[in-house]
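# Chains, contacts and geometry: an overview
If you want the building blocks of each chain, they are given just below.
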Amino acid sequence: MILYPFQEPTLYIVKGMCILDNEGNRILAKYYDKNILTTTKEQKAFEKNLFNKTHRANAEIIMLDGLTCVYKSNVDLFFYVMGSSHENEVFIRIVMSQPMQ
């Protein structure tokens, strides 16, 4: 008897990343999973919804539209890293905390 359906581990824990300005407009976005948010219109609608739910929040993690989103704001920019809903947010957070090379 299986109590919890576990997903197979995957190398691709990050589904997408984006940087939005303080009004929720896209500065930079990259989506790695071709099965989610397939069009630019869908991506921008998701980003606008994500910004509206997070720009005044005092948290760092949100579940939205089947994605785990970890975010951070700095001055007037919002940085988001998205993973699947079954992904551990700690692993996604590690991606955000790595220095740029």
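Look up a bit, the structure's there.
A brief report on the enclosed structure follows. Since we're looking at a predicted model, the values are computed, not measured.

Before going further, it helps to examine the nonpolar core. One finds Phe-46, Leu-50, Leu-67, Cys-69, Tyr-80 and Met-82 to be the most contacted residues of the largest nonpolar core, which totals 15 residues. Secondary-structure elements contributing two or more residues to this core are strand S1 (14-21), helix H1 (40-54), strand S3 (61-64), strand S4 (67-74) and strand S5 (77-84). For Leu-50, the contacting residues outside a window of four places in its chain are Ile-62, Leu-64, Cys-69, Tyr-80 and Met-82. Core analysis: the next-biggest nonpolar cluster, separate from the first, contains 6 residues, Val-14, Val-70, Val-81 and Met-96 among them.

We now examine the pattern of salt bridges. One pass over the structure, following the stated rule, counts 3 salt bridges. Between Asp-33 and Lys-15 there is a salt bridge, with the nearest N and O atoms lying 3.0 Å from each other. Taken together, the residues span a long stretch of sequence, with Asp-33 in the loop between strand S2 (26-31) and H1 and Lys-15 in strand S1 at a distance of 18 residues. Relative accessible area serves as the criterion here: at 17%, Asp-33 is assigned to the buried category. Residue classification places Lys-15 among the buried positions, given a relative accessible area of 17%.

What follows covers the sheet that holds S5. On the basis of which strands lie adjacent, the open sheet formed by 5 strands has the order S2-S1-S5-S4-S3 and antiparallel pairing. If you trace the sheet from one side to the other, it starts and ends with S2 and S3, each paired once. The sheet shows a mean angle of 20° between the axes of neighbouring strands, direction not considered. Pairing geometry for S1 and S2, over 5 bridges, is antiparallel. For Cys-18, the partnering residue across the bridge sits in S2 and is Ala-29. Those strands touched by H1 are S1, S2, S3, S4 and S5, and its axis lies near 115° from that of S2.

Conventions adopted
- Residues numbered from 1 in each chain as written.
- Predicted model: local features only at pLDDT ≥ 70, side-chain atom pairs only at ≥ 80, totals over all residues.
- Heavy atoms only, no water.
- Core = buried A, V, L, I, M, F, W, Y, C linked by side-chain atoms within 4.5 Å.
- Buried < 20%, exposed > 50% of the residue type's maximum accessible area, 1.4 Å probe, protein only.
- Helix = DSSP H or I, 4+ residues; strand = E, 2+ residues; numbered from the N terminus.
- Contact = heavy atoms within 4.5 Å.
- Salt bridge = Lys/Arg side-chain N within 4 Å of Asp/Glu carboxyl O.
- Pairing = 2+ DSSP bridges.
- Axes fitted to C-alpha atoms, helices over the stretch in contact; angles between N-to-C directions.

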